[in-house]
Amino acid sequence: MQLQRVFQSSRALPALCLTLVAACNLATPAGALERKNAAAGDLPSSAIIIDEDGRQTRDEYARSKGLSASTVSTRFGATGLVRCGSAVGTGQLVGASNVLVTAAHVLFAPGGEPRGTGDGCTFEIEAGGSRQVVPIDVDEVICGAREPYAEPAVKDWAVVPLANAVIGAKPYMPAKAMSVPGEIVLAAAARAGGEENYSLQGCRARQVTATTPSGLREVAIDCDAEGGVSGAALLAPNGGFLGVYVGFRSAHPGKVGPFSMSHYNFGVTAEGSLRQAITEMVGRNQSASVSR
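Residues numbered from 1 in each chain as written. Predicted model: local features only at pLDDT ≥ 70, side-chain atom pairs only at ≥ 80, totals over all residues. Heavy atoms only, no water.

J.: In this structure, what is going on with the overall build of the protein chain? I would like to understand it.
T.: The helix and strand inventory of the protein chain stands at four helices and 15 strands. Counting across all 292 residues of the protein chain, residues that qualify as buried make up 56%. The contacts in the protein chain between residues at least 6 apart in sequence include a share of 70% that link residues at least 24 apart. (Helix = DSSP H or I, 4+ residues; strand = E, 2+ residues; numbered from the N terminus. Buried < 20%, exposed > 50% of the residue type's maximum accessible area, 1.4 Å probe, protein only. Contact = heavy atoms within 4.5 Å.)

J.: Explain the state of the cysteines here, please?
T.: Should the sulfur atoms of two cysteines be covalently bonded, the bond is a disulfide. Taken as a whole and assessed by the stated rule, the structure comprises two disulfides. Across the disulfide, Cys-84 is cross-linked to Cys-121 (sulfur-sulfur distance 2.1 Å). Linking Cys-84 and Cys-121, the disulfide has an S-S dihedral of approximately -105° and is accordingly described as left-handed. Here Cys-121 lies in strand β6 (residues 121-127) and Cys-84 lies in strand β3 (residues 79-84), a separation of 37 residues in the sequence. Taken individually, Cys-84 and Cys-121 each receive the classification buried, so the pair is uniform in this respect. The disulfide pattern of the protein chain is 1-2, 3-4 when the bonded cysteines are numbered in sequence order. (Disulfide = S-S within 2.5 Å.)

J.: What am I meant to see in the sheet that holds strand β14 (residues 241-250) here?
T.: The antiparallel closed barrel is built from six strands, whose spatial order is β10-β11-β12-β15-β14-β13. On average, each strand axis in the sheet is inclined to that of its neighbour by 45°, with strand direction left out of account. Pairing between strand β12 (residues 217-221) and strand β15 (residues 263-269): four bridges, direction antiparallel. Opposite Ala-220, over in β15, you have Phe-266 as the bridge partner. (Pairing = 2+ DSSP bridges. Axes fitted to C-alpha atoms, helices over the stretch in contact; angles between N-to-C directions.)

Below, the structure is given as C-alpha cells:
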C-alpha cells in the first residue's frame, strides 16, 4: 500500500504529494538503478520524473563527477531509511551523529499520532562497515507541525533525536542559504514499492513557491523522485545540508514531462525555524551526551 497526500495548490492545479511507501518487503538490497529509460507506463503513479530519470548510484555519481568512491561515500553518506510503523521514508544525520532530520509526515499519521514508537520507529543506515538500526525518540521531536496533513507544506519538517549515535557516518552540516536558482544534490534511500535504493542526483532548485515569517522557503526543484523519497536531503554539491524533500505537485503524476509549475518536486530549506530546530536539537543532545 502506498500513502499519498494532497496539497492545495495556489495555482489551482491538480496537486499531489509524494509521501512514503508501506514497509512491506524491504529486503531488496540497494543496487543499480534500472530506470534510465523507463517508459511512462512503467513508472509508479507517485513518480515525478523531469525530462528523464537522472538518478544515479553512488558509484555512477562518483564516475560522472570525477570523484573517488570514498569521497562520495563520506560526503553523501549520512542518508538512510526511516521506518515508522508501516511506512518508510528517507532521513539523514544533520549536525550530529544522533540528530535526524526528515519530513514530518514520515513520522506522523493524519490526526497527529506518531506512526510508531520505540523500536517501531527507527533509522537504518550502512555506516562504519555495518548496518545500524537506531530507534527514533519521536516524543522529543521538534517539528513544523505534528499534524502535517492539516498544515501547509512549509511546516512539513521534523528534527528528532536518536536513541544513540550512529558510528562511522559523517553528519551533514548546515550550509549557507540555498541559492534559487542554483545547483543541488538530492540524496534518497528508498523508492516506491517498498524497495531500498540509495540514489544521488545533481539537479537544480528552480523557483521559490512559498515563504514563512521565519525565513524558511518552499522551493520547486527539477530533481526526480517517487514514493519513499519523502524526508530526503537537499544538499550542496560539497555535501552541505540545504533542506528536506517534501513532495510533488503535478497534473500528470507517473508520466515523464518537462519541469513546469504543473509538474515539479519540491522541498523546504534549512533556514528560519528549521535551522533553529537543528541548532537546538544538536545543542540539547550534545549536552545530554556530556552529562552521561
